[in-house]
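In case you want the letters, here they are:
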Amino acid sequence: MMKKFLVVFFLACWTCAAMAQDNVIDEIVWVVGDDAILRSDVEAQRLYLANEGQRLDGDPYCVIPERMAIDKLYLNQAKIDSIEVSESQIIQQVDQWMNFAVNQIGSREKLEEYFNKKYSQIKDERKEMVREQQIVQQMQHQLVGEIKLTPSEVRKYYNQLSKDSLPNIPTTVEVQIITMEPKIPFEETDAIKARLRDFTEQVTSGKMEFSTLARLYSEDPESAKRGGELGFMGKGMLAPEFANVAFNLTDPKRVSQIVQTEYGYHIIQLIEKRGDRINCRHILLKPKVSDKELNETMARMDSLYNDLQDNKFSFEDAATFVSYDKDTRNNKGLMVNQNYESDHVSTPKFEMQELPQEIGKIVYNMKVGDISKPFTMITNKQKDVVAIVKLKARVEGHKANLSDDYQALKAIVEGRKREELLNDWIAKKQKTTYIRISDGWRNCDFRYPGWIKE
């Protein structure tokens, strides 16, 4: 969902910029150091925020340019301090975003039509945006450094808060899981391989284009819309088995051997190599699970569930020795939060909405120590599996307290201290930076009063 939000954000932002340039007589409204802020820049942001239903705490023609000016201060200081960011990381992030944007809108041609710009121009703008974001973040980190708090500072913060102002801590759970995958008959895998060999023959004989076959038959819906094209990726962004074959391709006219990954069976065609990145097409076919095989797997899991209820062995042992889920079986079945937007990332804690939907529905009414009956679900690899879960721990939503929520309170205090340090730096930087605000843009209740110098 976050990726889709980012696409909507920047599509809307760029669309509004184009609208602003078409409908607003441009002028320089702020100057910060050597950098100008244009009326069209402000209008683009205002239209975007209005389109998204986001409300600003104040006049948008005051709040928006001030936010832009703050970024200019960081960027100006970064020039002085010679702050550099990783070019490879910028390129990787831009490539990922461009690939996703093309996928969302349908094709490169549609993307160009949408923005009324060439693909290369869109990419250059995105690259500059990412570069500035990373520079600002690195500059802030350099200014603040590592914030170290003592327990007494956290306690002091907590004791100063009234009960009404204590932060709410949402319900969190820890879940263990066992999964079994239905067996795929040899006849099914043989049929898939035969189809892929036929596709290869059609391409090499010139009867069909690889991209056409991908659009018609590939079961990777995202890339199929683009004729199987994945966009530029590094080895680490691809399944190892896929990467090993793809990066050894040298002739764009040839089709790879059949490659099996956890997603299914692929054939690959090289488009272009650039250093340590590759752009290729693929066709993915996935083995189909029959009702018979699914029912047999459900019966096996029913038997396992009964053995667990009879305490013939522990859930942890079953997860270690029986589960097909390679991400959890070496951790006694304990799931780990992989949501990088979560406060609990890389921990076993999940807020209810962060769990996969099928698991969340089951866990919602469970008590600690309960083991669910078997249920079917689709994994993040788009595989049909049968699962059993155990609720290992549950902490109900509550007002924060020191004994249970020290780390959460510590993070809040660190955030406030970081904000104070940056606010002090901005106030000092205003005094030594050339700033000019045009008439009509000065009558504002700015967050930082130092913009206007008497």
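Fair warning: this is a prediction, and the values are worked out from it, not measured in the lab. Position numbers for residues start from 1 in each chain and track the written sequence from start to end. Owing to the predicted nature of the model, reporting of local features is limited to residues with pLDDT of at least 70; listing and counting of side-chain atom pairs is limited to 80 or more, with chain, interface and lining totals taken over all residues. Hydrogens and waters are ignored; side-chain quantities use all the structure's heavy atoms.

Undergrad: Teacher, can you tell me more about the side chain of Thr297 here?
TA: Numbering of helices and strands starts at the N terminus; helices are DSSP runs of H or I of at least 4 residues and strands are runs of E of at least 2. Residue position: Thr297 is located in helix α12 (residues 291–309). Residue Thr297 is classed as buried on the basis of its relative accessible area, which comes to 2%. Here, residues are in contact when the closest pair of their heavy atoms is within 4.5 Å. Contact partners of Thr297, with chain neighbours within four places excluded, come to Met180, Glu181, Pro182, Lys183 and Val386. The cut-offs for exposure are 20% and 50% of the maximum accessible area for each residue type, with area from a 1.4 Å probe on protein chains only; residues under the lower value are buried, those over the upper are exposed, and the others partly exposed.

Undergrad: What's the story with the sheet that holds strand β8 (residues 277–285) in this structure? I'm lost.
TA: Within a sheet, adjacent strands bond to each other through the backbone by hydrogen bonds, running parallel or antiparallel. The four strands are arranged β5-β8-β7-β6 in an open sheet whose pairing can be described as antiparallel. Either end of the sheet is taken by a strand with one partner, and the two such strands are β5 (233–234) and β6 (259–261). The rule for pairing is simple: two strands pair if DSSP sees at least two bridges between them. Summarising the sheet, β6 and strand β7 (residues 264–274) pair through three bridges and their orientation is antiparallel. What sits directly across from Thr261, in β7, is Gly264. For every element, the axis is a line fit to its C-alpha atoms; helices are fit only across the contacting stretch, and the angle between N-to-C directions ranges from 0 to 180 degrees. Packing of helix α8 (residues 186–204) onto the sheet brings it into contact with β7 and β8, and relative to β7 it is tilted by some 35°.

Undergrad: Explain the state of the cysteines to me, please; I cannot follow it from the model alone.
TA: In a disulfide, the sulfur atoms of two cysteines are held together by a covalent bond. Any cysteine sulfur atom paired with another within 2.5 Å is treated as part of a disulfide. One pass over the structure, following the stated rule, counts one disulfide. The residue that forms a disulfide with Cys62 is Cys444, at a sulfur-sulfur distance of 1.9 Å. Here the disulfide of Cys62 and Cys444 is left-handed, its torsion about the S-S bond being about -70°. Of this pair, Cys62 sits in helix α3 (residues 60–80) while Cys444 sits in the segment after β13 (435–437), and the two are 382 residues apart along the sequence.

Undergrad: Help me out: how do you make sense of the environment of Val173 in this one?
TA: In this structure, Val173 sits in strand β4 (residues 172–180). Sequence separation between Val173 and Phe350 is 177 residues, and the spatial gap between their C-alpha atoms is 5.4 Å. Apart from the residues lying within four places of it in its own chain, the contact partners of Val173 are Pro348, Lys349, Phe350, Met352, Leu355, Val363, Leu391, Ala393 and Arg394.

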